[in-house]
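# Structural characterization, general
What follows is the residue order along each chain.
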Amino acid sequence: MASPSRIATLAALPLALLAGLGVFWALGGFPSAPSTSAVPATAGHLDQDTAAVCRALVARLPESLGGLDRRPVTAGGEQNAAFGDPAIVLSCGVAGGPIPQNAQLLALSNVCWYPEERPAETVWQSVDRKVPLRVVVPKDAEGSWVVNLSSPIVATVPETATPGPVHC
C-alpha cells in the first residue's frame, strides 16, 4: 500500500507540470517560426550610377545577418533588403531628412552614421557615402545590426570626396 506522502506527490506532480506549462505559455511559450513573408518597401527612381551601386551592395549582402535570415521585399529588390522578424530594412539610394548641425554621429566600422531615435525604431542614415543609405532597426531587434552591414557597405558604396557640413 502506498504511503499518503507518495500519493500526494503523485497527485501534485501532474498539477505542477500543468501549472509550469501554463506559465511558460503565458510568458511567450515556444517561439514561433520567423516570418518569411515579404517586408513592405518602396522603390524610388534611381539614376544609372546610383542604381549600379545599390545593385552591387544588395548583391553583396549576406543571406543571414547575425543569425537573422534575409527576407524578400515588396518593391525594389535591387535597392532594398530586409533581415529577420521584426524586419531590419536597409534602403539604398534613399535620402533621409536633414542632419542637425549638433547631431551626434557614430563612426562604426568605417561608416559614419546618424542615428535618429523614434518611438518604435531607430533610423540610421549614412553620412559619408556618395549614395545615401538608410537602415531602419525596430526597437525589438536587439544587437548591433548596422555594424554587421558595414563590410558590404565599405566594399561597394564609395565614400564622399569631401565631407559635408556634418561629419564624423
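In what follows, the structure referred to is the one given above.
What comes next concerns the included structure. Source: prediction; values computed, not measured. (Residues numbered from 1 in each chain as written. Predicted model: local features only at pLDDT ≥ 70, side-chain atom pairs only at ≥ 80, totals over all residues. Heavy atoms only, no water.)

### Considerations on the state of the cysteines
Here, the word disulfide means a covalent bond between the sulfur atoms of two cysteines. Formally: Any two cysteine sulfur atoms lying within 2.5 Å of each other are counted as a disulfide. The secondary structure listing takes helices from DSSP runs of H or I that are at least 4 residues long and strands from runs of E that are at least 2 residues long, numbered from the N terminus.
The tally for this structure, following the rule as stated, stands at two disulfides. A sulfur-sulfur separation of 2.1 Å characterises the disulfide bridge that pairs C54 with C92. Its S-S torsion of about -85° marks the bond between C54 and C92 as left-handed, since a negative value means left-handed. One end of the pair, C54, is in helix α2 (residues 48-60); the other, C92, is in strand β4 (residues 88-92), and 38 residues separate them in sequence. Each bonded cysteine of the chain is numbered by sequence order, and under that numbering the disulfide pairs are 1-2, 3-4.

### Brief notes about the sheet that holds strand β8 (residues 133-138)
For clarity, the cut-off: Any two strands are treated as partners once DSSP identifies two or more bridges connecting them. Contact definition: two residues touch when any of their heavy atoms are within 4.5 Å. Only the stretch in contact is used when fitting a helix axis, every axis being a line fitted to C-alpha atoms; angles between N-to-C directions are given from 0 to 180 degrees.
The sheet built from eight strands is open, its strands ordered β1-β2-β3-β4-β8-β7-β6-β5 with antiparallel pairing. The strands lining the two open edges of the sheet, one partner per strand, are β1 (64-65) and β5 (106-108). Seen against the sheet, α2 touches β2 (68-71), β3 (80-83), β4 and β8 and runs at an angle of roughly 150° to β4. Along the sheet, helix α3 (residues 145-156) makes contact with β1, β2, β3, β4, β5, β6 (111-117), β7 (121-126) and β8, crossing β6 at roughly 145°.

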